[in-house]
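Breakdown of the fold
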Amino acid sequence: MSSRPAGSSVVNSNKGQRTYLIGGNWKCNGTLAENEALINTFNEAGPIPDNVEVAICCTYVHLPQLLATLREDIAVGAQDCAVYEKPGAYTGEVSAAQLKDLGCVWVIIGHSERREGFGMAGEPAELCAKKCKVAVDAGLKVMFAIGEKKEEREAGTTMAVCASQLEPLAKVLTAADWDNIAIAYEPVWAIGTGLTATPEMAQETHEAIRKWVADNVGADIAKKVRIQYGGSMKGANAQELLAQPDIDGGLIGGASLQADFFNVVNGVPK
């Protein structure tokens, strides 16, 4: 079991009680040698701003490598976990309790690629919500991903889609559970495509998500919950996006596999 610290709890004075959360999602990338080089780059990248929490989520097989060698002020997490609360005959699954035991702090739940499926049925909203509850109960923090497809954006149903993904979550979480939840808004049309919502577009959706949380969960929780943006954020556009009042960080894909990740980390308003 890792003795790594559980992550930052500093207050972001610019946005009330919320810190910035910059998460890296390495997806299904990396070899031991490639990871070693990238970890060395991150370890030598200089200090992390006091108002920023940073986490890297890698494949299951590489978790021990990151836990052992990545700088301790970057938390380590997984990209998914099993829906089952207890151990059992679930071949190929990794439980939230096992991730916690290993030393993980975070897990991503509900990423659009998993909701869509990989040559198999995707994960429905109710399953994602149940996974999230299991993870939180096991002591993990969760980046809970939501977002719309291009045709849904063009049809004007962005918030209806996001609400449909949040509703099952609101039903299973307690008020205390929300302290360990970040919502990662990832417009599917902007993931890995190079397309990015303008800062104004992203802010509009983040504001609507926060209002939904206020109306359906509670105003106090809405003020505290961090909402990350996850649509092709990189060093070149991070500063403008992170300056928006309801954008509290990013869930970074491609740029997290490069030194540019720290340009995002350093792009937060001071």
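The notes below deal with the structure included here. Along each chain, residues carry numbers from 1 onward, in the same order as the chain's sequence is written. Residues qualify for local features only when their pLDDT is at least 70, as the model is predicted, and side-chain atom pairs are given and counted only at 80 or more; totals for whole chains, interfaces and linings, by contrast, use all residues. Side-chain figures throughout are based on the complete set of non-hydrogen atoms in the structure, without hydrogens or water.

Quick word on the packing of helix 5 (residues 125–137) against helix 7 (residues 158–172)
Angles here are taken between N-to-C directions and fall from 0 to 180 degrees, while the axes themselves are lines fitted to C-alpha atoms, restricted in helices to the stretch in contact. Strands here are runs of E lasting at least two residues and helices are runs of H or I lasting at least four, both read from the DSSP assignment and numbered beginning at the N terminus. One can describe the packing of helix 5 onto helix 7 by two numbers: an axis separation of 8 Å at closest approach and a directional angle of 40°. As summarised for this structure, helix 5 and helix 7 are arranged oblique, according to the angle between their axes. Judged by the twist between their axes, the crossing of helix 5 over helix 7 is right-handed. Side by side, helix 5 and helix 7 meet where Ala-125, Glu-126, Ala-129, Cys-132 and Lys-133 of the first sit next to Ser-164, Gln-165, Pro-168, Leu-169 and Val-172 of the second. Any angle that falls under 35 degrees is termed roughly parallel, while one over 145 is termed roughly antiparallel, one within 65 to 115 roughly perpendicular, and all others oblique. Should the near helix be turned anticlockwise from the far one by less than a right angle, the crossing is termed left-handed; should it be turned clockwise, right-handed. Contact criterion: two residues are considered in contact whenever any of their non-hydrogen atoms come within 4.5 Å of each other.

Considerations on the side chain of Glu-53
Here Glu-53 shows up in strand 2 (residues 52–58). Here the side chain of Glu-53 touches Trp-106 through a polar contact of 3.4 Å, side chain to side chain. For the purposes of these results, a polar contact is taken to be a pair of N or O atoms within 3.5 Å, where, inside protein, one atom must be able to donate a hydrogen and its partner to accept one; residues adjacent in sequence count only when each atom of the pair is a side-chain atom.

A word on the layout of surface pockets
In this structure, the largest pocket spans a volume of roughly 410 Å³. For each structure, a 1 Å grid was placed over the protein atoms alone; sets of points admitting a 1.4 Å probe that cannot get out are labelled cavities, open sets with protein on both sides within 12 Å along at least five of seven lines are labelled pockets, and lining residues have an atom within 4 Å of a point. Along the walls of the largest pocket sit 15 residues, with Tyr-60, Gln-79, Asp-80, Arg-114 and Phe-118 positioned nearest its centre. Grid points are joined across faces, edges and corners, and a volume is the space filled by probe spheres set on the points.

Description of the pattern of salt bridges
Where side chains of opposite charge bring their charged atoms close, a pairing between them can arise. Any Lys or Arg side-chain nitrogen located within 4 Å of an Asp or Glu carboxyl oxygen qualifies as a salt bridge. Here the structure, examined in full by the defined rule, presents 17 salt bridges. One salt bridge connects Glu-123 with Arg-114, and the closest N-O pair in it is separated by 3.0 Å. When accessible area is computed with a 1.4 Å probe and restricted to protein chains, residues below 20% of their type maximum are described as buried, those above 50% as exposed, and intermediate ones as partly exposed. Judged by its relative accessible area of 10%, Glu-123 is buried. According to the relative accessible area criterion, Arg-114 is partly exposed, its value standing at 28%. Linked by salt bridges that have partners in common, Arg-18, Arg-210, Asp-246 and Asp-248 make up one network.

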